[in-house]
Amino acid sequence: MWLTQGVVDLVKYEVKTKEKIFERGGVEVFDSGYFGKILVADDTALYCEHDSAMRHEIVAHTAMCSHEEPRSVLVLDGGDGALAHELLKHKEVTITVVERDEAIVEAGRAMGLYARALEDERVDFVIGDTLAYLAEAKEGSFDIVILNRFDEIYYDEKAPMAHIARILTEKGLVVADASSQLFDMAGHKEVLSALGNEFKIVMPFRYTSMVRTGGEQWLALGSKFFHPTADVNLQRADLTDGFTWYNSDVHVAQFALPTATFQLLREYIRR
């Protein structure tokens, strides 16, 4: 059995799998053997068991180590539990996870990797409308917000990002999935542009995926105050227990851009 993904008329990427162990509402979990279990939503692999640290450590700890003293984190679309699992490595933080798709929650349980993190006493887990949650959340409620999945619903209008800026504290920051520079530069620019409307600092950074088309995937950080490379918390980055991929050297390096790419994105990047 082959899991096939691709960009129409450009490239096809196939991963061999052994069996499908979960399917509901466009969300699937495959057991691949070599890659471990793979979580798929709307025909796009989100991550696999063996590259989870490459994505989730980068997302969670880049955010946590770019802030001086984060205490509260909001994760939107984190119902599989992977980001909560990573954030819980920071003993001082409380986490709110909001998931709009119950199938993702069930898929997370089927994977058997991170679902228990959502049961931790420091995690408030909500199943519901993420946009409604943003609109109703109190001003200054969170130090960090993470948008875990790229979705046009957060960028079709200015309101969602304005709400994110509103519910962040005065030195807060957001990390968002920013699609692909290789195959979706328009989507990537859309994320950077939306962040630029609300945040003083906007910088893209990358991680490596074993199962996403193209391999190299992109995120973006928007910050009201802290600079993600100049203000990285070295003690937190290098002395927190439990990392297998992330460290302070990786933190800084992942923000590096080729000259041509920087020129292409110059109007969107704020350093």
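Residues numbered from 1 in each chain as written. Predicted model: local features only at pLDDT ≥ 70, side-chain atom pairs only at ≥ 80, totals over all residues. Heavy atoms only, no water.

Turning to the overall build of the protein chain, a few remarks are in order. The secondary structure content of the protein chain amounts to 9 helices and 13 strands. Radius of gyration (C-alpha) of the protein chain: 17 Å, near the 18 Å computed for a compact globule of 271 residues. Principal-axis analysis of the C-alpha atoms places the extent of the protein chain at approximately 50 × 45 × 40 Å. For the protein chain, contacts bridging at least 24 residues in sequence account for 66% of all contacts bridging at least 6. Only carbon and sulfur atoms are counted for the fraction: they give 47% of the accessible area of the protein chain, which is about 11,900 Å². For the protein chain, the centre of its 28 positive side-chain charges and the centre of its 44 negative side-chain charges are spaced 3 Å apart. (Helix = DSSP H or I, 4+ residues; strand = E, 2+ residues; numbered from the N terminus. Rg over C-alpha atoms; globule rule 2.2 N^0.38 Å. Contact = heavy atoms within 4.5 Å. Areas by Shrake-Rupley, 256 points an atom, 1.4 Å probe, with all protein chains shown as cover. Lys, Arg positive; Asp, Glu negative; His and termini not counted. Charge placed at Lys NZ, Arg CZ, Asp CG, Glu CD.)

Right, let's get into the packing of aromatic side chains. One pass over the full model with this rule turns up 6 aromatic pairs. Seen from their ring centres, Phe150 and Tyr155 are 6.0 Å apart, and the 20 degrees between their planes marks the pair as stacked. Residue Tyr155 is classed as buried on the basis of its relative accessible area, which comes to 9%. Aromatic side chains Tyr154 and Tyr155 sit 6.5 Å apart centroid to centroid with 75 degrees between the ring planes, which places their arrangement in the edge-to-face category. Here the aromatic residues Phe150, Tyr154 and Tyr155 are joined through ring pairs into a cluster of three or more. Of note, Lys171 hangs over the ring of Phe225, and the distance from its end group to the ring centre comes to 4.5 Å. (Phe/Tyr/Trp six-rings, centres within 6.5 Å; stacked < 30°, edge-to-face > 60°. Buried < 20%, exposed > 50% of the residue type's maximum accessible area, 1.4 Å probe, protein only. Lys NZ or Arg CZ within 6 Å of the ring centre and 35° of its normal.)

So, on to the pairing of strand β8 (residues 94-99). With respect to burial, β8 is a largely interior element, 5 of its 6 residues being buried. Of the pairings in the sheet, the one linking strand β7 (residues 72-76) to β8 comprises 5 bridges and is parallel in character. By the bridge assignment, Ser72 is partnered in β8 with Thr94. Between β7 and its parallel partner β8, the chain crosses via helix α2 (residues 82-87), and the hand of that crossover is right-handed. As paired elements, β8 and strand β9 (residues 123-127) share 5 bridges and run parallel to each other. (Pairing = 2+ DSSP bridges. Right-handed = clockwise from strand over helix to strand, strands pointing away.)

Across soluble globular proteins, nonpolar side chains show a tendency to be buried alongside one another. If you look at the biggest cluster of nonpolar residues, it comprises 65 residues, and the most contacted ones within it are Ile164 and Phe199. If one sorts the elements of this core by residue count, helix α1 (residues 52-65) sits on top with 6 residues. In contact with Ile164, other than residues within four places in its own chain, are Leu134, Val145, Leu147, Val174 and Phe199. Leu39, Tyr47, Ala103 and Tyr114 belong to the second largest nonpolar core, which has 13 residues in total. (Core = buried A, V, L, I, M, F, W, Y, C linked by side-chain atoms within 4.5 Å.)

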